[in-house]
Amino acid sequence: FNIAYQISRGKILYKDIFFSNFPFFSYVSSVYYFLCGKNLEFFYFTSAIEITIITSLIYFITYRKTENYIISIVSCAFYVLSFMVLSTSDHQTGVFTASLFAVLGYFFLQERKTIMSGIFIAIAVFTKAYFLPILLSVFIYIAIKQEWKNLLKFGLAFAVTGLIILLPFLIQAPRQLISDIFGFSLTRPAGISKINIMWFYITKDLPFFILLLFNLINIRRNILFGLISIFSIIFFVGYQDIYYLYLNFMTPFLCLSLYEFYYFLKTKFKLQVLIIPTIIFFFILEKFLHWHHHGE
């Protein structure tokens, strides 16, 4: 909100304003700033609107894959009622903006519209750099499938989109941009213990942790979700100053992979159709009630 305010007064990002991330969210926040009538509470509410759109997309994508209303509803409920989303959605940080663009990138990849996928995943990464694991997963996924023409299209779309986003600042403040993004972000010391973050994640969102591990095991059946789990773990281990909020980058994709877990259990254990969704719904309800009680 403050960055949008400063930009509205003629300040230039990086040159006049310190900003340790890529610049696309500064564009988005400036739009939100004016659409919300410069009201901070309305500005925060934009994250709820983004979450609503992401939730709808999760339902739509899952239903197109499964033609199953129950698992589609469970998948989107899994997202919107998760502790991860509930605990980080009362303010606007750009993480849900990036999530929205990343999910759109995945949607277009499934529709075999590779150029559009490259554009939206580029916007996600240049909104929040910690969405890099999604980019790497998609890039390697296309390479594994040996779709070289699509890989070229995806790479060019990503590169051109990224260049367009960065160009104003490469012209006006190139040294400050590099210093703020790479000099600060890659060298700052760790703020919170990774063990504490990992334990908090496991205890608060255990189903996501289970899906993360399942996607590793299931990588032969669904390479992309497996790659997302691999690169998510590498990012968590490799990036020194990580926070709980950052883990939002994989949350919608774990929800999108729920149908794989559902069909795996159904096939292996011959469970009735409604058993797994019922268990998941009760789990989500318990978490929601716990969160509501905690909020009160």
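Computed from a predicted structure; not experimentally measured.

Caption draft 1: View of the environment of Ala122. As for its position among the elements, Ala122 is in helix α7 (residues 114-125). Spatially, the C-alpha atoms of Ala122 and Phe154 are 9.6 Å apart, while their sequence positions differ by 32 residues. Not counting residues up to four positions away in its chain, the partners in contact with Ala122 are Phe158, Thr161 and Gly162.

Caption draft 2: Up close: the nonpolar core. In this structure, Tyr14, Tyr79, Phe126, Phe131, Tyr201, Ile242 and Leu247 are the most contacted members of the largest nonpolar core, which totals 87 residues. Per element, the largest residue contribution to this core is twelve residues, and it comes from helix α6 (residues 95-110). When near neighbours in sequence (up to four residues on either side) are disregarded, Tyr14 contacts Phe19, Asn21, Phe22, Pro23, Phe169, Ala173, Gln176, Leu177, Asp180 and Ile181.

Caption draft 3: Inspection of the confidence of the model for the protein chain at higher detail. Per-chain confidence: the protein chain averages 87 in pLDDT, with 88% of residues scoring 70 or above. Across the protein chain, the element-wise mean pLDDT spans from 61 in helix α16 (residues 275-295) up to 97 in α7.

Caption draft 4: Fine view of the packing of aromatic side chains. Applying the stated criterion across every chain, the model contains 28 aromatic pairs. An aromatic cluster is built from Tyr14, Phe19, Phe24, Tyr27, Phe60, Phe101, Phe107, Phe108, Phe120 and Phe169, whose rings are joined through pairwise contacts. Over the ring of Phe83 we find Lys204, and its NZ or CZ is 5.2 Å from the ring centre.

Caption draft 5: How the structure looks around the pattern of salt bridges. Per the counting criterion, the structure on display carries three salt bridges. As a salt-bridge pair, Arg64 and Glu111 come within 2.8 Å of each other at their nearest N and O atoms. Taken as a pair, Arg64 in helix α3 (residues 40-66) and Glu111 in the loop between α6 and α7 lie far apart in primary sequence, 47 residues in all. Among the residues examined, Glu111 registers a relative accessible area of 28% and is labelled partly exposed. We note a salt bridge from Lys145 to Glu147, for which the minimum N-O separation is 3.6 Å. Note on Lys145: relative accessible area 37%, which makes it partly exposed. Through salt bridges with shared partners, a single network forms among Arg112, Lys145 and Glu147.

Caption draft 6: Structural context of the state of the cysteines. Scanning the entire structure with this criterion turns up zero disulfides. Of the cysteine sulfurs around Cys76, a residue in no disulfide, the closest is that of Cys255, at 9.0 Å.

Caption draft 7: Looking closely at the packing of α3 against helix α4 (residues 69-80). Where α3 meets α4, the axes come as close as 8 Å, and the angle between the chain directions of the two elements is 155°. Here α3 is positioned roughly antiparallel relative to α4, judged by the angle of their axes. Two packed elements cross with a definite hand, and for α3 against α4 that hand is right-handed. Contacts between α3 and α4 involve Ile51, Ile54, Thr55, Ile58, Tyr59, Thr62, Tyr63 and Thr66 from the former and Tyr69, Ile71, Ser72, Ile73, Ser75, Cys76, Tyr79 and Val80 from the latter. Looking at the contact of α3 with α4 residue by residue, the classes come out as eleven nonpolar, five polar and no charged.

Here is what the cut-offs are and how they apply
The written sequence of each chain sets the order in which its residues are numbered from 1. Local features are withheld for residues below a pLDDT of 70 in this predicted model, meaning they are given only at 70 or higher, and side-chain atom pairs are given and counted only at 80 or more; totals for whole chains, interfaces and linings count all residues. As a convention, hydrogens and water are excluded, and side-chain values are obtained from all of the structure's heavy atoms. Only DSSP runs of H or I covering at least 4 residues are called helices, and only runs of E covering at least 2 are called strands; the numbering of each starts at the N terminus. We call two residues in contact when some of their heavy atoms are within 4.5 Å. Nonpolar cores were defined as sets of buried Ala, Val, Leu, Ile, Met, Phe, Trp, Tyr and Cys residues, with membership established by side-chain atoms within 4.5 Å. Exposure categories follow from relative accessible area, calculated using a 1.4 Å probe and restricted to protein chains: below 20% of the type maximum is buried, above 50% is exposed, and the middle band is partly exposed. As a per-residue measure, pLDDT reflects the predictor's confidence and takes values from 0 up to 100. Pairing of aromatic side chains requires ring centres within 6.5 Å, counting the rings of Phe and Tyr and the six-membered ring of Trp. Pairs whose planes differ by under 30 degrees are stacked, by over 60 edge-to-face, and all others tilted. Put simply, a charge is over a ring when the Lys NZ or the Arg CZ is close to the ring centre, within 6 Å, and near the line of the ring normal, within 35 degrees. Every case where a carboxyl oxygen of Asp or Glu lies within 4 Å of a side-chain nitrogen of Lys or Arg is listed as a salt bridge. Throughout, disulfides are identified as pairs of cysteine sulfur atoms within 2.5 Å of each other. To get an axis, a line is fitted to the C-alpha atoms, and for a helix only the part in contact is used. The angle between two axes follows their N-to-C directions and goes from 0 to 180 degrees. These descriptions rest on fixed angle ranges, namely under 35 degrees for roughly parallel, over 145 for roughly antiparallel, 65 to 115 for roughly perpendicular, and the rest for oblique. By convention, the crossing between two helices is left-handed when the near helix turns anticlockwise from the far helix through less than a right angle, and right-handed when the turn is clockwise. The residue classification treats Ala, Val, Leu, Ile, Met, Phe, Trp, Tyr, Cys and Pro as nonpolar and Asp, Glu, Lys and Arg as charged. All others, Gly included, are polar.

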